[in-house]
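Descriptive analysis of the structure
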Amino acid sequence: MNGNNRLQNWDFNYAGCPLNALFEKLGTSQKGLSEKEAAGRLEEYGYNEPAKKKRQTIILQILLKFLNPLVIVLLIIAGFSIFFGEKISAILVIAMALISVLLSFTQEHRAGREAERLSEMVRTTATVYRNGKPKEINIRDIVPGDIVDLFAGDMIPADLRIISCKDLFINQASLTGESFPVEKTCETDGQPKRSPTAMTNMAFMGSSVVSGTGLGVVIKTGLSTQFGEISRKLATLTVETSFDKGIQKFTWLMIRFMVVLVLVIFAINALKKGNVIEALLFALSVAVGLTPEMLPMLVAINLSKGAIAMSKKEVIVKRLNSIQNFGAMDVLCTDKTGTLTMDRIILERHCDVVRKEDDDVLRFAYLNSFYQTGLKNILDRAILKHSKLLAKQYKKVDEVPFDFSRKLMSVVIENDGRHRIIVKGAPEELYKRCTRFELDGDILELGEGNLILPELKTEYNDLSAEGFRVLGIAYKDFDTTKDRYSKEDEQGLILKGYLAFLDPPKPSTKKTIETLKSLGIDFKVLTGDNELVTKKICGDVGLDIKGLATGEQVEKASDNELRELVKTTTVFARMSPLQKERITRALHDNKHIVGYLGDGINDAPALKTADVGISVNNAVDIAKESADIILLKKNLLVLVDGVSEGRKTFGNILKYIKMGSSSNLGNMISMTGASIFLPFLPMLPIQILLNNLLYDISQIAIPSDDVDREYLMKSRPWNVGYIKKFMLFIGPVSSVFDFITFGVLWLIFKAPQPLFNTGWFLESLCTQTLVIHVIRTGKIPFIESKPSQFLIFTSIYIVTVGLILPFIPLGKYFGFVQPPPLYFLALLLIVGLYLYLVQFVKAWFIKKYGYE
């Protein structure tokens, strides 16, 4: 059921037509639908729910994991191993691929299930009228034509036309980003609007009732709602992240090296030694050795470890790859409402007409909010939090309720036998009804002295420019009393002063922005709210506003112009969901790694487009579906922990990549040289595989390793070019010492093939295993950075295992013989000099290219 049918389209003027015509169009009435009619419409229009990604079976999810390029490389090598009879090699490689796939799937599956349990925003039921009686039903069963009851605190279950209401205020922040509730009316709205959300008699799925009551007729459900249109786009949108791109680039780099060197080594050995089968088996072992086959598992272990660490800080990681993206992020875009701010309106100032603090203004406002009997809106609640004020010494006489034409609300109180009307509302409406103003206890006529009406309005405009929502307070004393008062009595008023409300910034926001800046992350605000409020909030939280642009400017800008605009702009206001997405893509085009933090429907496209989407547990379902990471608490300081954890995770992954790629390249150069000059194979194929396995086991401890504090202070995206340079400079260093080892074995010890194979096996294993302690840190000397105890243990353990293998019966199975005692002295000297030279070359390399 796609909902594209005779009712659910915007060609019909739902907001502007009379109710009778609307009921006729929808085939309903004020009494609602019958159960039979509702069942038929449910069959016709389908369930009232937004689009979701089609849930894949567990088997399919696991199979899709095998499409990871690194896993594919492993499987290709395993296939070659089976073809050439290397079953042990094939089993080991397949086992590593399975461990990586299953570990990655298990973590993501568990995190995804946990995230699903966080759906708290959308109510599961709503009250509709069926057969003329109210009935509570599941939201997904609502159909066009249903009449829905609306009460304070309710979620709007579908797109509705308001048919009756009293003091109805709706929060559309999740759709538009505006902090303050929007007034809704049941009057026919004949004024043309630029967007449906601007219609005063319409309410939309995903928004919520702040105060008042209402009755609405459902005009659109499911995918046809404003909510559904955004969800439809997201359900089909797939974006490749920087982590995915980095993995692919590195994989193809290694594949290219592997293909070239394997072909060269195979050709040399086949032509020189004449045994094609032996040359093929040797070349296959070389291919396994050049491929960092432990990378998928180590990536999964590192990411899972990061996810576990973040879960302890009440952060759920839905997609493991996002952890690395979190650390690589150099631009964080965020919504304002509920992210920078507390999503809670407070009364910030109460002042006279020249903006000087005045407690009488607060007292008048308190009396007005205290004595009004209508449902108190969010602004009244902010005023009434000043509960120390005494109101019971006054007696209420009457009230003039709020309505949307006047935008005023009045109460009449009695004190010492006199009646006083206190009026609270929109300043522009009060100005029309005031003939005087009060200043420092004096009552002055408008136009007297230096203050005239335009100057009074300037004071109000200045408050608005500071980002406040402003209400005016006025009053009038009556010489004669009466029992009933009306809006006609709201004339000849005295302007008392102003109330300024603010959605305050979170206490943690300023510190978070400062810390993120110290970590090399630019902070940008993308909000649907107006520029005055946004500028005020950003100033309060210490954000350096280098430039401010509106949605209108973004809409008019071409893609090239937008790429230039985002370079110099910090704050974007009055943004639509698709404009937020455009900005995120423009930042991508400028080679930034982009994070996006938001919790509303209007944030969902940008959350999906960003390298890492971050949301919160009370966000709309569609925002949580789009996010990679979910914060269980709206504590921005958790972002700093997440960035550090992401950088630590990536740092440990990169340790293995740099060490493995450089060491493997060195080994391949050494094997190529040995194949040219030696009359026999420098190492047996089974010895190469064993060497590779032991070396890989020693690196399992890398996820437990610490990362230098200096490393965490900078964003580090994938840089395959840097890895390539590191491999090309550091790799040949090991080849130099391999050739020295060849010379010692061949010239000094006159080693036959078994001893030569054993000697090089030991030297290769020791240098590969121990060089991680030099490469793992940017510090010089490397001993200034302490590795984890587990890494120290695995290094010592694997070197010890390698050294004793020639002396135990198992060694004979691999073709090892016992080296002479003097060889171990030479081995110690060669390994020591090798580590020293790597340290020297690393220091030069860091000075020239930096440390990634």
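Residues numbered from 1 in each chain as written. Predicted model: local features only at pLDDT ≥ 70, side-chain atom pairs only at ≥ 80, totals over all residues. Heavy atoms only, no water.

1. So, the overall build of the chain
On a plain count of helices and strands, the chain comes out with 30 helices and 23 strands. Within the span of the chain, comprising 852 residues, buried residues form 57% of the whole. Pairs at least 24 residues apart make up 75% of the contacts formed inside the chain by residues separated by at least 6 positions. (Helix = DSSP H or I, 4+ residues; strand = E, 2+ residues; numbered from the N terminus. Buried < 20%, exposed > 50% of the residue type's maximum accessible area, 1.4 Å probe, protein only. Contact = heavy atoms within 4.5 Å.)

2. With respect to a nonpolar patch on the surface
Together, Ile59, Leu60, Leu63, Leu64, Leu67, Ile72, Ile76 and Phe80 line one region of the surface with nonpolar side chains, adding up to about 740 Å² of accessible area. At the level of secondary structure, the elements contributing two or more residues to the nonpolar patch comprise helix 3 (58–65) and helix 4 (69–83). Residue contributions to the nonpolar patch peak at 4 residues, all from helix 3. As for its placement among the helices and strands, Ile59 is situated in helix 3. (Patch = residues over 30% accessible without salt bridge, like charges linked within 9 Å, V, L, I, M, F, W, Y side chains within 5 Å. Areas by Shrake-Rupley, 256 points an atom, 1.4 Å probe, with all protein chains shown as cover. Salt bridge = Lys/Arg side-chain N within 4 Å of Asp/Glu carboxyl O.)

3. Thoughts on the packing of helix 11 (residues 321–328) against helix 23 (residues 637–677)
At a minimum axis separation of 7 Å, helix 11 and helix 23 run at an interaxial angle of 105°. Judged by the angle between their axes, helix 11 and helix 23 are roughly perpendicular. The residues of helix 23 that touch helix 11, namely those facing Ile323, Gln324, Phe326 and Gly327, are Leu639, Gly642, Val643, Glu645, Gly646, Arg647, Thr649 and Phe650. Of the residues belonging to the contact of helix 11 with helix 23, the class tally is 5 nonpolar, 5 polar and 2 charged. (Axes fitted to C-alpha atoms, helices over the stretch in contact; angles between N-to-C directions. Parallel < 35°, antiparallel > 145°, perpendicular 65-115°, else oblique. Nonpolar A, V, L, I, M, F, W, Y, C, P; charged D, E, K, R; others polar.)

4. Quick look at the nonpolar core
Leu332, Leu495, Tyr498, Ile614, Leu631 and Phe761 are the most contacted members of the largest nonpolar core, which totals 143 residues. Setting aside its immediate chain neighbours within four residues, Leu631 contacts Glu314, Val315, Leu597, Ile614, Ser615, Val616, Asn617, Val638 and Leu639. Formed by 24 residues, the second largest nonpolar core is a distinct cluster that contains Ile345, Val361, Phe364 and Leu379. (Core = buried A, V, L, I, M, F, W, Y, C linked by side-chain atoms within 4.5 Å.)

5. Quick notes on unusual backbone geometry
At the junction of Ile780 and Pro781, the peptide bond is cis and its omega measures out at -5° in the coordinates. On the secondary structure map, Pro781 appears in the loop between helix 27 (772–775) and helix 28 (789–804). The phi torsion at Lys750 lies on the positive side, around 50°, for a residue other than glycine. Note that Lys750 resides in the loop between helix 25 (720–748) and helix 26 (753–770). Lys750 sits in the exposed class, given a relative accessible area of 60%.

6. Considerations on the packing of helix 26 against helix 30 (residues 821–849)
For the pair helix 26 and helix 30, interaxial distance at closest approach is 10 Å and the crossing angle is 35°. Where helix 26 crosses over helix 30, the two elements pack in a sense that is right-handed. Contacts from Gly759, Trp760, Leu762, Glu763, Cys766, Thr767 and Leu770 of helix 26 reach helix 30 at Tyr823, Phe824, Leu827, Ile830, Val831, Tyr834 and Leu835. In the contact of helix 26 with helix 30, the residues fall into 11 nonpolar, 2 polar and 1 charged. (Left-handed = near helix turned anticlockwise from the far one by under 90°.)

7. Some words on the packing of aromatic side chains
The way to describe two aromatic rings as a pair is by their centre distance and the angle between their planes. In the structure shown here, the tally under the stated rule is 27 aromatic pairs. Centroid distance Phe726 to Phe845: 5.5 Å. Interplanar angle 90°. Geometry classified as edge-to-face. Placement of the pair is Phe726 in helix 25 and Phe845 in helix 30, with a sequence separation of 119 residues. Across the pair, Phe845 and Phe726 agree in class, each one buried. Here the guanidinium or amino end of Arg140 rests over the ring plane of Tyr47, the centre of that ring lying 3.8 Å away. The residue whose ring lies beneath Lys496 is Phe364, and the NZ or CZ to ring-centre distance is 5.2 Å. (Phe/Tyr/Trp six-rings, centres within 6.5 Å; stacked < 30°, edge-to-face > 60°. Lys NZ or Arg CZ within 6 Å of the ring centre and 35° of its normal.)

8. Quick look at the sheet that holds strand 20 (residues 571–573)
Strand order in the open sheet made by the 8 strands is 8-23-22-21-9-18-20-19, with mixed pairing throughout. At either end of the open sheet lies a strand with only one pairing partner, and these are strand 8 (315–317) and strand 19 (548–550). On average, adjacent strands in this sheet sit at an angle of 20° to one another, irrespective of strand direction. Sheet topology places strand 9 (residues 331–334) next to strand 18 (residues 522–526); 4 bridges connect them, and they run parallel. Considered in strand 18, the bridge of Cys333 is made with Lys524. Of the strands in this sheet, strand 8, strand 22 (612–616) and strand 23 (629–631) touch helix 11, which is tilted by about 100° from strand 22. (Pairing = 2+ DSSP bridges.)

9. Comments concerning the environment of Phe169
Within the fold, Phe169 resides in strand 4 (residues 159–171). Each C-alpha atom of the pair Phe169 and Lys184 lies 5.9 Å from the other, and the pair is 15 residues apart in sequence.

10. Notes on the pattern of salt bridges
Counted under the stated rule, the structure contains 26 salt bridges. Of the charged contacts, one joins Asp335 and Lys580 as a salt bridge, the two residues approaching to 3.6 Å between their closest N and O atoms. You can see Asp335 sitting in the loop between strand 9 and strand 10 (346–351) and its partner Lys580 sitting in helix 20 (residues 577–589), a full 245 residues away along the chain. Note on Asp335: relative accessible area 2%, which makes it buried. With its nearest N and O atoms 3.7 Å apart, the salt bridge here joins Arg585 to Glu581. Of this pair, Arg585 and Glu581 both sit in helix 20, 4 residues apart, roughly one helical turn. Among the ionic contacts, a cluster of salt bridges with common partners joins Glu35, Arg130, Lys135 and Asp146.

11. Things to note about helix 20
Helix length check: helix 20 (13 residues) gives 19 Å between terminal C-alpha atoms against 18 Å at 1.5 Å per residue, within 8%. Among the residues making up helix 20, those that are buried are Pro577, Gln579, Lys580, Glu581, Ile583, Thr584, Ala586 and Leu587. (Expected span 1.5 Å × (residues − 1).)

12. Thoughts on the side chain of Thr509
Take Thr509: it is sitting in helix 16 (residues 509–518). Setting aside residues up to four positions removed in sequence, Thr509 forms contacts with Thr339, Leu340, Val541 and Leu636.

13. Considerations on the pairing of strand 18
Of all 5 residues that make up strand 18, 4 are buried, and the element is covered over most of its length. Note that strand 18 and strand 20 share 2 bridges and pair parallel. Residue pairing across strands places Val525 opposite Val571, the latter belonging to strand 20.

14. Things to note about helix 16
An α-helical segment advances 3.6 residues per turn. Residues three or four places apart therefore align on the same side. Within helix 16 the residues assigned to the buried category are Thr509, Thr512, Ile513 and Leu516. The arc that holds the buried residues of helix 16, viewed along the axis, is 100°, so those residues lie on one side. Turning to helix 16, the residues buried within the fold contact strand 9, strand 18 and helix 23. (Arc of directions from axis to C-beta.)

15. Digging into the side chain of Arg647
Here Arg647 shows up in helix 23. The side chain of Arg647 sits in the buried core without any salt bridge; Asp330 is the nearest counter-charge, 8.1 Å away. A polar contact of 3.4 Å, which involves the side chain of Arg647, links it to the backbone oxygen of Lys714. When sequence neighbours within four positions are dropped, the list of residues in contact with Arg647 reads Gly327, Met329, Leu519, Ile521, Tyr711, Leu712, Met713, Lys714 and Ser715. (Lys, Arg positive; Asp, Glu negative; His and termini not counted. Polar contact = N/O pair within 3.5 Å; in protein donor to acceptor, adjacent residues only side chain to side chain.)

16. Notes on the confidence of the model for the chain
Of the residues in the chain, 86% reach a pLDDT of 70 or more, and the chain-wide mean stands at 82. Throughout residues 118–123 the model reports pLDDT below 50, and contacts reaching past four residues in sequence, or to other chains, amount to 22 contacts. (pLDDT = per-residue confidence, 0-100.)

17. A short note on the environment of Val397
Mapping Val397 onto the fold places it in strand 11 (residues 395–403). Note: C-alpha distance between Val397 and Ile421 (24 residues apart in sequence) is 9.4 Å. Among all residues touching Val397, those that are not within four sequence positions of it are Val412, Ile413, Glu414, His419, Lys482, Asp483 and Tyr485.

18. A closer look at the environment of Glu187
Relative to the elements of secondary structure, Glu187 occurs in the loop between strand 5 (182–183) and strand 6 (202–203). Given the relative accessible area of 52%, Glu187 is considered exposed. Distance from Glu187 to Thr200, taken between C-alpha atoms, is 8.3 Å for residues 13 residues apart in sequence.

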